[in-house]
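Letter by letter, the chains look like this.
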Amino acid sequence: MKVLNVNDLDGTEYDVTHGNWQSRRMVLAKDKVGFSFHITILKAGTSSEFWYANHVEAVYVYQGKGTLLDRDTGEEYVLEPGVMYMLDDADKHTVTVEEDIHCACVFNPPVTGREVHDENGVYPVLTED
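Report follows, based on the coordinates.

Rules used throughout
Residues numbered from 1 in each chain as written. Predicted model: local features only at pLDDT ≥ 70, side-chain atom pairs only at ≥ 80, totals over all residues. Heavy atoms only, no water. Core = buried A, V, L, I, M, F, W, Y, C linked by side-chain atoms within 4.5 Å. Buried < 20%, exposed > 50% of the residue type's maximum accessible area, 1.4 Å probe, protein only. Helix = DSSP H or I, 4+ residues; strand = E, 2+ residues; numbered from the N terminus. 1 Å grid on protein atoms, 1.4 Å probe; cavity = no way out; pocket = protein on both sides within 12 Å on 5 of 7 lines; lining within 4 Å. Points joined across faces, edges and corners; volume = space filled by probe spheres on them. Nonpolar A, V, L, I, M, F, W, Y, C, P; charged D, E, K, R; others polar. Disulfide = S-S within 2.5 Å. Pairing = 2+ DSSP bridges. Contact = heavy atoms within 4.5 Å.

With 19 residues, the main nonpolar core has Leu42, Leu79, Tyr85, Val95, Ile101 and Cys103 as its most contacted residues. When contributions to this core are tallied by element, the ones reaching two or more residues are strand E5 (56–70), strand E7 (84–87) and strand E8 (92–108). When residues of this core are assigned to their parent elements, the largest contribution, six residues, is made by E8. Leu9, Met26, Ile39 and Ala104 belong to the second largest nonpolar core, which has five residues in total.

The next point concerns the layout of surface pockets. There is about 190 Å³ of room inside the largest pocket. Considering the residues around the largest pocket, the lining is formed by 14 residues, among which Leu68, Tyr77, Tyr85, Met86 and Leu87 are closest to the centre. Contributions of two or more residues to the lining of the largest pocket are made by E5, strand E6 (76–79), E7 and E8. With four residues, the top contributor of residues to the lining of the largest pocket is E7. The residue inventory of the lining of the largest pocket, partitioned by class, reads nine nonpolar, one polar and four charged.

We now examine the state of the cysteines. Tallied over the entire structure, the rule returns zero disulfides. Cys103 takes part in no disulfide bond, and the closest cysteine sulfur to it belongs to Cys105, at a distance of 3.9 Å. Residue classification places Cys103 among the buried positions, given a relative accessible area of 2%. Overall, the relative accessible area of 3% leaves Cys105 in the buried class.

One ladder, built from seven bridges, connects strand E3 (residues 36–42) with E8; its direction is antiparallel. The partner of Phe37 across the bridge, within E8, is Val106. As paired elements, E5 and E8 share 13 bridges and run antiparallel to each other. Bridge pairing links Lys65 to Glu99 in E8.

Quick look at the environment of Ala90 now. Assignment of secondary structure puts Ala90 in the loop between E7 and E8. Ala90 gets classed as partly exposed once you look at its relative accessible area, which sits at 30%. C-alpha separation for the pair Ala90 and Phe50, spaced 40 residues apart in sequence, amounts to 9.7 Å. Apart from the residues within four sequence positions on either side, Ala90 is in contact with Trp51, Tyr52 and Ala53.

As structure tokens, then:
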């Protein structure tokens, strides 16, 4: 069993900030449960391009407002509390944030916490080995 408070991660190696967002990683690959779980805050007034070519991600928005753009189809979706989206086909997407978006995210395969988005917004697949 693992029990922790997200606020206890502030300022630790599990607290990752990258310009437009902050992600506190609560479950990582080293936990060996087949997924990683993050609490992420995307900052108001920003726009970020992502492309998880190597991962499936599910995102649940519980606070804030913005839009999600599917860059392959041009479809745009409102992001607000209660909305979930899943990126299950290497979906190239852009998140534009009106009000800080607070969300819970799950990745498969799990991330290690050492990943850095490349120039295309892609995380490499890293292992704990």
